[in-house]
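Residues per chain are reported as follows:
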Number of protein chains: 2
Amino acid sequence: MSTLDRGPSVGLVIVTHGGSGECLLAAAGEICGPVGNAAAVGVRNHDEFTDVVRRVGRACDEVDGGAGVLILVDIHGSSEFQACLAMVDGSRPVEIVCGVNLPMLLKLATVDRQVMRPADMAELIKEVGKRSIRLGSELTGKISMHPEERR
Amino acid sequence: MSTLDRGPSVGLVIVTHGGSGECLLAAAGEICGPVGNAAAVGVRNHDEFTDVVRRVGRACDEVDGGAGVLILVDIHGSSEFQACLAMVDGSRPVEIVCGVNLPMLLKLATVDRQVMRPADMAELIKEVGKRSIRLGSELTGKISMHPEERR
């Protein structure tokens, strides 16, 4: 496929309480190399809702090259999530994934965001995120109990 | 139940690439109030493995009041995860949950860590974490597509 055949890339926006979105992007960048077309929006407790909506909107504008935006948010039901929902206004393809964690970002750093739509990427990383949540004992068979429990 | 009947609290340690663990703890504290007996260990790309093990061990010692430790880590298979595994040495009850996200911490901020064991807490927040990963369109029925896709 020539570069001429390739469309614009889907943008990524991470919206979190506090600075964890920026940390997640930085961590993904350290592990996989810089994540392009991505922005983090950190929200503080007392930020005005309209201001948060404006900042999330500006971040979407910055990263959207014409293929839409995938928004990752830390928890649903929060005002941060409501601000993300305000982006679902029909002006561009948008999907939101709640419960962001680092394995999702590592996956997004490796998929071809020029050939997937936001909705398909969201379905993919929803599964990646869920699968990444594992117990150490499941992965290794090692269990550490209190000495008294071992009897 | 009198306070005399209550045992020590299970400690929490969050181990992440970069500073997201500290941000997650701060965010949970802002939402639910301070999370007690909890520590974050941030690991940089070039940190020595033995140093990471030592720091995770020190954090476990700090938060463990005698009931053991629940360790949350961002991704399994990483050297951070290996450092967490080094804590599973039989000296205390320990369980590890991979794929940490904020909903897990919010749950941990509200459970009674004096009556649950690390393994039970891990099972609980594994499910909480998985359930928290949802799509915006699932939660609201709202979908935003590209104008051209709507035909």
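What counts and how
- Residues numbered from 1 in each chain as written.
- Chains lettered and ligands numbered in written order.
- Predicted model: local features only at pLDDT ≥ 70, side-chain atom pairs only at ≥ 80, totals over all residues.
- Heavy atoms only, no water.
- Contact = heavy atoms within 4.5 Å.
- Buried area = accessible area lost by both parts, 1.4 Å probe.
- Salt bridge = Lys/Arg side-chain N within 4 Å of Asp/Glu carboxyl O.
- Polar contact = N/O pair within 3.5 Å; in protein donor to acceptor, adjacent residues only side chain to side chain.
- Least-squares fit on C-alpha atoms with pLDDT ≥ 70 in both.
- Helix = DSSP H or I, 4+ residues; strand = E, 2+ residues; numbered from the N terminus.
- Buried < 20%, exposed > 50% of the residue type's maximum accessible area, 1.4 Å probe, protein only.
- Pairing = 2+ DSSP bridges.
- Axes fitted to C-alpha atoms, helices over the stretch in contact; angles between N-to-C directions.
- Expected span 1.5 Å × (residues − 1).

At the interface, 58 residues of chain B touch 57 residues of chain A. When residues of chain B are sorted by the area they lose upon contact with chain A, I133, L135 and S144 of chain B head the list and together hold 15% of the total. Scanning the region where chain B abuts chain A turns up two salt bridges. Summed over the shared surface of chain B and chain A, the result is 15 residue pairs in polar contact (both at pLDDT 80 or more).

Once that is clear, we can look at the relation of the copies chain B and chain A. With an axial shift of 0.0 Å and an RMSD of 0.0 Å, the rotation relating chain B to chain A amounts to 180°. Classification of the inter-copy transformation places it as that of a two-fold axis. A shared interface surface links the copies, since 98% of the contact residues of chain B are contact residues in chain A too.

Residues and elements named next belong to chain A. Applying the stated criterion across every chain, the model contains 14 salt bridges over all chains. Residue R55 is joined to D47 by a salt bridge in which the shortest nitrogen-to-oxygen separation is 3.3 Å. Here D51 and R54 are joined by a salt bridge, their closest N and O atoms 2.9 Å apart. One end of the pair, D51, and the other, R54, are both in helix α2 (residues 49-63), three residues apart, so they sit about a helical turn from each other. A relative accessible area of 25% means that D51 is categorised as partly exposed. Several salt bridges share partner residues, and in doing so they unite D61, D64 and R92 into one network.

Residue and element names in this part refer to chain B. In this structure, S9 sits in the segment before β1 (11-17). Separated by 3.5 Å, the side chains of S9 and N37 make a polar contact. Not counting residues up to four positions away in its chain, the partners in contact with S9 are N37, G65, A67, R113 and Q114.

The next point concerns the sheet that holds strand β3 (residues 69-73) of chain A. All names here are of chain A. A sheet is described by the order of its strands in space; here four strands give the open sequence β2-β1-β3-β4, paired in parallel fashion. The outermost strands of the open sheet, each flanked by one partner alone, are β2 (38-43) and β4 (94-98). Taken over all neighbouring pairs, the strand axes of this sheet differ in orientation by 20° on average, direction set aside. Examined bridge by bridge, β3 and β4 share five bridges and lie parallel to one another. Considered in β4, the bridge of L70 is made with E95.

Residues and elements named next belong to chain A. One non-glycine residue with positive phi stands out, namely N37, at about 45°. Along the chain, N37 falls in the loop between α1 (20-32) and β2. Relative accessible area serves as the criterion here: at 40%, N37 is assigned to the partly exposed category.

Let's shift gears to the sheet that holds strand β2 (residues 38-43) of chain B. Residue and element names in this part refer to chain B. Strands sit in the order β2-β1-β3-β4 across an open sheet of four strands; the sheet is parallel. The sheet is open, and its two borders are formed by β2 and β4 (94-98), each paired with just one other strand. Within this sheet the neighbouring strands show an average axis-to-axis angle of 20°, counted without direction.

All names here are of chain A. Burial runs high along strand β1 (residues 11-17): seven of the seven residues are buried. Judged by which residues are buried, β1 turns out to be covered on both faces: G11, V13, V15 and H17 on one side and L12, I14 and T16 on the other are all buried. Direction of pairing for β1 relative to β3: parallel, over a ladder of five bridges. When the bridges of β3 are listed, V13 appears paired with I71. Pairing geometry for β1 and β2, over six bridges, is parallel. Within the sheet, the bridge partner assigned to H17 lies in β2 and is V43.

Before going further, it helps to spend a moment on helix α5 (residues 118-132) of chain B. Here α5 of chain B is 15 residues long and its end C-alpha atoms lie 20 Å apart, about the 21 Å a rise of 1.5 Å per residue gives. Inspection of α5 of chain B places P118, M121, A122, I125, K126, V128, G129 and S132 of chain B among the buried residues, and these make up the whole buried set. Where the residues of α5 of chain B are buried, they touch β4 and α6 (136-140) of chain A together with β1, β3 (69-73), β4 and α4 (102-108) of chain B.

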